[in-house]
Amino acid sequence: MLFRSLKLKLKLKLPLSSLETERLVLDSLEMCGIAGFTTHRHPPENPESALRGMTQALSHRGPDAEGAYADSAVRLGHRRLSILDLAGGGQPMSSADGRWHIVFNGEIYNYLELRRDLEARGAVFQTQSDTEVLLQAWAEDGPDCLPRLNGMFAFAIWDAREKRLILARDPLGIKPLYYANHRGELLFSSELRSLLRFPGFKPGLDPASINKYLAFGYIPAPSTAYAGVRKLEPGQMVVWSPAGRRTEYFWDLPIEDNPVGAGTFDESAEATRDLLREAVRYQLRSDVELGILLSGGIDSSAVAALAAPLAGRKLHSFSIGFSEASYNELPYAEMVARKVGTEHHHQTLSPSRVANALPQIYRGLDEPLGDASLDRKSTRLNSSHEWISRMPSSA
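Predicted, not measured: the structure shown is a model, and the values here were computed from it. (Residues numbered from 1 in each chain as written. Predicted model: local features only at pLDDT ≥ 70, side-chain atom pairs only at ≥ 80, totals over all residues. Heavy atoms only, no water.)

Pulling in residues and values, what's your account of the pairing of strand β15 (residues 289–293)?
Within β15, 4 of the 5 residues are buried, which leaves the element mostly enclosed by the surrounding structure. Here β15 pairs with strand β16 (residues 316–322) via 3 bridges, running parallel. Bridge pairing in β16 places Leu293 opposite Phe318. (Buried < 20%, exposed > 50% of the residue type's maximum accessible area, 1.4 Å probe, protein only. Helix = DSSP H or I, 4+ residues; strand = E, 2+ residues; numbered from the N terminus. Pairing = 2+ DSSP bridges.)

Dropping the structure here:
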């Protein structure tokens, strides 16, 4: 798994069950966060205060900056963790004609290619950020731009002319986005705890969702622990207007058109290797330092082996081991680190440290999660974060 720092940023390419676990772990660490609501029918008594309360609940996600947009029908809020275009790229961001306004959590990996295409069509850019590329792509092509986005994202975009609010989430659901209808208004946020800060919004528990948790160990989208609150599903878009709300999918797993199995085993292996290398190359784009969370397993070892020669700089890797030898995979991670040439950092977990960390780990979860490896994943992320905080600032 790749991450970026001087602030923490993670790159996820995991099976969906593991992805849900990693996403919930990350909620307790730093990343961008978005929140907002419509004010068409029944706005709160003090909309500015309501939005401030929602974004303050996301302050741990975006320590670098905050911003807000307001008009007579909507409020949009953003907490920023700077990764690309550190000086520019502030949010909410508005189009030059004042029609479109966006808050965005995530990263568009192929933003440079999309930018070149938009410039060839006459677009003019004021920043180097992927946020502006996304905004201009939407202004030019609307929802038709979504299938062309290579990245992890959750965003809300307000159409000030038509009074429509659009929410969208990336095809694999890497970035979270929750929404709810409250007295005819649409509320949204990156975290459940932020939604619950909206004045007068007090949803009860959803018994059906608790049953799903007991069956699966987590609550799959679109359900949440709260009645009336939904997760936006992977590859899904919601469009809200005073006339109503509709949802549609812009992406699905292309099983029938999958070309990987068309050739021999060796040809398929080479095609898979090329796809992985290309994915890693895109994700190495960064204006901050790069690192790898390395477990020594197949997934993270493959990412490390591909990233090291492509990075153009020394990569740092991070691992967690256990004092109980039968559970300890640290030697495998160290072996991979030596082989690919990363600067490796590790910590060893004792039972007492795991026990002491549990309250902090579970405070970071919006919903119950039954994953026995949650402590290890959280500690590995926090250990890398501690190392990051000791790095000299380049700012």
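Kindly report on unusual backbone geometry, identifying the contributing residues and their values.
A cis geometry characterises the amide bond from Gln91 onward to Pro92, with omega recorded as 0 degrees. By the secondary structure assignment, Pro92 is in the loop between β5 (74–80) and β6 (93–94). In this structure, the amide linkage connecting Ala221 to the following residue, Pro222, adopts the cis form with an omega of 10 degrees. Counting through the fold element by element, Pro222 comes out in the loop between α6 (207–216) and β12 (229–231). Despite not being glycine, Lys163 shows a phi value in the positive range, around 55 degrees. On the secondary structure map, Lys163 appears in the loop between β8 (151–159) and β9 (164–169). One non-glycine residue, Arg183, lies in positive phi territory at about 55 degrees. Counting through the fold element by element, Arg183 comes out in the loop between β10 (178–182) and β11 (185–189).

Any details on the packing of helix α3 (residues 111–120) against helix α4 (residues 130–141)? Residues and values, ideally.
The interhelical angle for the contact between α3 and α4, taken along N-to-C directions, is 45 degrees, at an axis separation of 10 Å. On the basis of their axis angle, the class for α3 and α4 is oblique. Seen from above, α3 lies across α4 with left-handed handedness. Between α3, through Tyr111, Leu114, Arg115 and Leu118, and α4, the contact on the second element is made entirely by Asp130, Val133, Gln136, Ala137 and Glu140. Considering only residue class, the contact of α3 with α4 consists of 5 nonpolar, 1 polar and 3 charged. (Axes fitted to C-alpha atoms, helices over the stretch in contact; angles between N-to-C directions. Parallel < 35°, antiparallel > 145°, perpendicular 65-115°, else oblique. Left-handed = near helix turned anticlockwise from the far one by under 90°. Contact = heavy atoms within 4.5 Å. Nonpolar A, V, L, I, M, F, W, Y, C, P; charged D, E, K, R; others polar.)

Quick one: what's the story with the environment of Thr131, residue by residue and with numbers?
If you trace the backbone, Thr131 turns up in helix α4. Each C-alpha atom, one on Thr131 and one on Phe155, is 9.8 Å from the other, the two residues being 24 residues apart in sequence. Leave out the neighbours within four places in its chain, and Thr131 touches Gln91, Met93, Ile102 and Phe104.

Can you tell me about the environment of Leu310, naming the residues and giving the values?
With respect to the helices and strands, Leu310 occurs in helix α8 (residues 298–311). The class of Leu310 is partly exposed, set by a relative accessible area of 35%. Taking the C-alpha atoms as reference points, Leu310 and Leu284, 26 residues apart in sequence, are found 7.9 Å from one another. If we skip the residues at most four places from it in the chain, Leu310 touches Arg277, Val280, Arg281 and Leu284.

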